[in-house]
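Listed below are the residues making up each chain.
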Amino acid sequence: MSGHCDGGLRSNIEPNCLEKREIMKKTLNKMAILLLLGGVVFTAQATTPEEDRAAFVKHYKFRFPDVPMEEYPNGAYAIDKIGRENWEAIEEFPPYEPFIDEGQEMWDTSFANGKTYKDCFSDGPGVASQYPRWDKKQGMVITMALAINQCREANGEKALKYKKGPIVPLLAYMAFESRGQVTNVVIPEDDPRAMEAYEKGKKFYFTRRGQLNFSCATCHVQNTGLKVRTEVLSPSLGHTTHWPVYRSKWGTAGTLHRRFTGCNRNIRAKPMKAQGEQYRNLEYFLTYLSNGLELNGPGARK
Amino acid sequence: MNMRRLPSVILLAVIMAVVAAPTVAADAAMDPKAAEVMKQIDAAEAARKKAASVESEWTTTGKLIKKARAAESKGDYDKALGLAKEARLQGEIAYQQGASQSELRIPAYLKY
Amino acid sequence: MTISRIRLAQAASGLVLLGTCLVAPAGASEGSSVVEEGKGIAFSRSKGNCLACHMIEGGESPGNLGPPLIAMKARYPDKAKLRAQIWDATTVNPDSAMVPFGLHRVLTEEEIDKLVEYVWTL
């Protein structure tokens, strides 16, 4: 294009310039279509976990510009001022405290064979930031709850249930001992199955399901901060930092996978098995999103 | 055969015939509808499982099938038929829902 | 158009008018009860549960995921479009968070008809 014709806004355009502009317009249109197609192809392509995490961070920063990153482990209370006041009052006498004490007792009590949890978790109880992690030998995502049961079974003890019951205090104690550690999920590059597990978890997160046709993202990305009835929808950044949670609605403390189950039921989707492959992969993806956020479990929620 | 036993054998036969007759008649009468109900329940169960195979089963579908079975066992075939049909349709839509999302699609509201 | 056709059309519209006149009084009373039933469906937690996401005048503790249900006639001059939105909003916007009440059989077609009548009055 000649510089002479570039002054598109001038009224005295030469006729051949108009022609040129017409060609230019068509070319631009074609380019736009190509770009659009490119864009579509691009979104269909797999994004890296770091790109995923960055997109989530950007999304929430745009939506809640005044909320600093370190607030996200507090869930909906990072963005809901009224709910936060109640929560801070509850946190003065934390309802999860008895669970921590009970869990410590379990930790200190030896199995029938004389061994203890310490024999499995050589770094001690404060190891929450090491989970979930990819286990190359087993070819699956290992969560802390699963590791506890693998330890028990290796020592001739019965596996604990995954949603409620005695596993909760043990997890609460271990979470408490891990406070201050930073979420650091690693997707090892020496085993492509690890990335596959992450991708599966991501796929689960974005898939609309249930009669109500919601995905995790519908509530926790698209509509975060808005209310279903009086419930403020929480951001996914920070979703995994504070488990197990004492939930007033439950009247007790429960696990992350119990919460997954409840979320799925709310949208009338048949829940997956607690600690089954789908939920473990979801935990892998979801925890990755919180990389860099401080662990603050156990938690209390409405 | 011992002749002294004959009267009791005849009596037994008569009793059996009397008891059995209406049952057989009733069975024959309700058979088509009951069979249709069972067919519909089986179809609903198959649809539910198909939805589950793509991890897309709804909580509502199994409940409908349970209710359909309960209605069937009470002989309320019309109700059972309606429930089973609804369950089957739900299973089919749930399958569609899952199958149509076999590829990951990042929603437009999340910008990379 | 031939004259006979025009006559036919006139006759037909006359019939329609006559029909409307005959039906109108019954329709009016039925209409208000349909609206009432629609309101019941909208407010019921197990049916429409519209208040979970929408503010509706007279409804308690509404959510705000969706827009407030006001000025519906202005927003949906075409009632059919409103019905389509309730039936399955994802056909217009694949990322719509709205429950596809018709497609997913949360409500029956009859219930949706009643709901539309009510929502259109808002």
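Residues numbered from 1 in each chain as written. Chains lettered and ligands numbered in written order. Predicted model: local features only at pLDDT ≥ 70, side-chain atom pairs only at ≥ 80, totals over all residues. Heavy atoms only, no water.

A. Region of the structure containing the packing of aromatic side chains. Residue and element names in this part refer to chain A. On inspection of all chains with the given rule, the structure shows 20 aromatic pairs over all chains. Through successive ring pairs, a cluster of aromatic residues spans F56, Y60, Y72, Y198, Y205, F206, F285 and Y288. A cation sits over an aromatic face here: R209 above F204, 3.7 Å from the ring centre. Over the ring of W250 we find R258, and its NZ or CZ is 4.1 Å from the ring centre. (Phe/Tyr/Trp six-rings, centres within 6.5 Å; stacked < 30°, edge-to-face > 60°. Lys NZ or Arg CZ within 6 Å of the ring centre and 35° of its normal.)

B. Inspection of the interface of chain B and chain C at higher detail. Taken together, the contact pairs 10 residues of chain B with 5 residues of chain C. At the boundary of chain B with chain C, total buried surface from both sides reaches about 620 Å², with 50% on carbon and sulfur atoms. Run the count over chain B and chain C and you get 2 salt bridges. Along the contact surface separating chain B from chain C lie 3 residue pairs in polar contact (both at pLDDT 80 or more). Taken together, the residues of the side of chain B that touches chain C break down into 6 nonpolar, 2 polar and 2 charged. (Contact = heavy atoms within 4.5 Å. Buried area = accessible area lost by both parts, 1.4 Å probe. Salt bridge = Lys/Arg side-chain N within 4 Å of Asp/Glu carboxyl O. Polar contact = N/O pair within 3.5 Å; in protein donor to acceptor, adjacent residues only side chain to side chain. Nonpolar A, V, L, I, M, F, W, Y, C, P; charged D, E, K, R; others polar.)

C. Inspection of the interface of chain A and chain B at higher detail. Facing 29 residues of chain A, the contacting portion of chain B comprises 19 residues. Taken together, both faces of the contact between chain A and chain B bury some 2,100 Å²; the carbon and sulfur share is 59%. For chain A, the biggest contributors to the area lost against chain B are K203, F206 and K270 of chain A; these three give 25% of the whole. The interface formed by chain A and chain B holds 1 salt bridge in total. There are 11 residue pairs in polar contact (both at pLDDT 80 or more) connecting chain A and chain B. Those elements that place two or more of their residues in the side of chain A that touches chain B are helix 2 (49-63), helix 7 (192-206) and helix 8 (216-222) of chain A. Considering every element that reaches the side of chain A that touches chain B, the biggest residue donor is helix 2 of chain A, with 6 residues. (Helix = DSSP H or I, 4+ residues; strand = E, 2+ residues; numbered from the N terminus.)

D. Focus on helix 10 (residues 277-289) of chain A. Residues and elements named next belong to chain A. Relative to the 18 Å expected for 13 residues at 1.5 Å per residue, helix 10 spans 19 Å between its end C-alpha atoms, a close match to the ideal helical length. In terms of burial, helix 10 is largely enclosed, as 11 of its 13 residues are buried. Here helix 10 has its buried residues at Y279, R280, N281, L282, E283, Y284, F285, L286, T287, Y288 and L289. In this fold, the buried residues of helix 10 make contact with helix 2, strand 1 (133-135), strand 2 (140-142), helix 5 (144-154), helix 7 and helix 9 (256-266). (Expected span 1.5 Å × (residues − 1). Buried < 20%, exposed > 50% of the residue type's maximum accessible area, 1.4 Å probe, protein only.)

Note that every value here comes from positions in space, so none of it alone points to a role or purpose.
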